[in-house]
Amino acid sequence: MRFVAYQDENGAEAVGRLDGTRVHRLRGVDRIDRAAGDLRAAPAAEDGVELDELTLLPVARPEKVFCVGLNYRAHVEETGRDLPEYPVLFPKFGSSLIGHGAPITLPPESSQVDYEAELAVVIGRAGRRIPRDRAFEHVLGYTIANDVTMRDFQYRTHQWMQGKAWDASTPLGPVLVTADELDPGNLDIALHLNGREMQSANTDRLIFDVPRLIEATSQFTRLEPGDVILTGTPGGVGYRRDPQVFLADGDVVEVTVGGIGTLRNTVRAEG
Ligand code: MG
């Protein structure tokens with residue numbers, strides 16, 4: 001099943017079940033990760049609204065956003081680094097996230113804003129030290145992320161956080177697809193910039209798969225419902241191209257993941 005988070009007519013966050021192009025609001029659920037019991041069994045309004053009439057919000061409101069660097073061989077090779085033997089992890093914040101359709105903000109301080117297509121995992125059940133063979137029991141579902149990165153800040157020090165955690169930079173959505181409907185280990189993933197294909201791969205190329213990432217993150221911190229793991233980006237990022245490509249005011253960035261959909265955002269200069 002597919003769910004969206006959106007702003008209702010009063011500006012409050014609402015959650016709806018998506019049936020075709022119609023969204024049916026869930027009763028008693030104001031956040032996807034806060035449904036009592038099984039989200040799929042939550043009662044929904046009979047009347048629906050058209051998806052494209054709604055202002056969508058990030059499909060999760062995480063306490064923690066884990067991001068994985070260097071998780072596709074082609075991307076590792078384009079960076080000139082060695083293959084990692086343990087996941088390279090860095091954080092984003094809840095304030096980094098925006099919904100499908102919201103503008104990606106170009107801050108005036110950066111001249112190297114880049115895109116990264118990623119499959120995202122949304123945690124549904126809390127857990128600590130989760131073994132990989134139990135990992136899927138903790139997954140609520142999957143969505144799409146664009147791990148927008150300010151390269152000039154990412155490489156300013158040997159930590160990446162300043163390049164990755166800018167406010168209102170990171171689209172997450174448009175929908176959450178429940179875990180029972182997808183095999184996260186075999187999904188086509190692609191990114192188009194103004195209609196031109198920039199990245200194309202399949203999640204079967206992930207160096208560390210979803211169970212391994214849940215095992216690695218939950219080893220050092222408790223995963224909570226709504227927490228998000230961005231699983232890493234394939235080759236083809238703008239910074240590693242010749243000539244380099246960076247996002248500019250007015251650009252349209254689309255990330256498509258098979259079985260989930262397309263996450264589309266326009267780039268806007270701040271202010
Ligand atoms: Mg990334």
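Before any of the text, the structure's been laid out above.
Please read all numbers here as calculations on a predicted model, not as lab measurements.

Draft legend 1. Representation of the packing of aromatic side chains within the structure. For the coordinates displayed, the defined rule picks out 5 aromatic pairs. Relative to Phe 220, the ring of Phe 66 lies with its centre 6.2 Å away and its plane at 75°, an arrangement referred to as edge-to-face. Highlighted residues: Phe 66 in strand β6 (residues 65-69) and Phe 220 in helix α4 (residues 210-220), separated in sequence by 154 residues. Taking the relative accessible area as the measure of exposure, Phe 220 reaches 46% and is therefore partly exposed. Chaining the aromatic ring pairs together yields one cluster made of Tyr 155, Tyr 239 and Phe 246.

Draft legend 2. Structural context of α4. Along α4, the residues classified as buried are Val 210, Pro 211, Leu 213, Ile 214, Ala 216, Thr 217 and Ser 218. Looking at the buried residues of α4, the elements they touch are β6, β7 (88-92), β11 (117-123), β12 (139-146) and β17 (228-230). Capping the start of α4, Asp 209 holds a side-chain oxygen 3.0 Å from the backbone nitrogen of Arg 212, two or three residues further along.

Draft legend 3. Structural context of the nonpolar core. Core analysis: the largest hydrophobic core is formed by 52 residues, its most contacted members being Tyr 142, Ile 214, Leu 247, Val 253 and Ile 260. A per-element tally of this core places β11 first, with 4 residues. Split by domain, the residues of this core number at least three in each of domain 1 (2-57) and domain 2 (65-269). Listed in part, the 28 residues of the second largest apolar core include Ala 42, Val 76, Phe 90 and Val 228.

Draft legend 4. Quick look at the pairing of strand β19 (residues 261-269). Here 3 bridges tie strand β9 (residues 104-106) to β19, and the two strands are oriented parallel to one another. Paired with Leu 106 across the two strands is Ala 269, which belongs to β19. Where strand β18 (residues 252-257) folds back onto β19 in an antiparallel hairpin, the turn is made up of 3 residues, including Gly 259, whose phi is positive at roughly 85°.

Draft legend 5. Fine view of the coordination of the magnesium ion. Those protein atoms acting as donors to the magnesium ion are Glu 116 (OE), Glu 118 (OE) and Asp 147 (OD), and they sit at 2.0 Å. Of note, the donors binding the magnesium ion are all from one chain and are spaced E-x1-E-x28-D. Taken together, the residues Glu 118 in strand β11 and Asp 147 in the loop between β12 and β13 (149-150) connect sequence positions 29 residues apart. The buried category is assigned to Glu 118, whose relative accessible area is 0%. With relative accessibility at 0%, the residue Asp 147 sits in the buried group.

What counts, and at which threshold
- Residues numbered from 1 in each chain as written.
- Predicted model: local features only at pLDDT ≥ 70, side-chain atom pairs only at ≥ 80, totals over all residues.
- Heavy atoms only, no water.
- Phe/Tyr/Trp six-rings, centres within 6.5 Å; stacked < 30°, edge-to-face > 60°.
- Helix = DSSP H or I, 4+ residues; strand = E, 2+ residues; numbered from the N terminus.
- Buried < 20%, exposed > 50% of the residue type's maximum accessible area, 1.4 Å probe, protein only.
- Contact = heavy atoms within 4.5 Å.
- Polar contact = N/O pair within 3.5 Å; in protein donor to acceptor, adjacent residues only side chain to side chain.
- Core = buried A, V, L, I, M, F, W, Y, C linked by side-chain atoms within 4.5 Å.
- Domains from an automatic or database assignment.
- Pairing = 2+ DSSP bridges.
- Donors = N, O, S within 2.8 Å, 3.2 Å for Na, K, Ca; no water.

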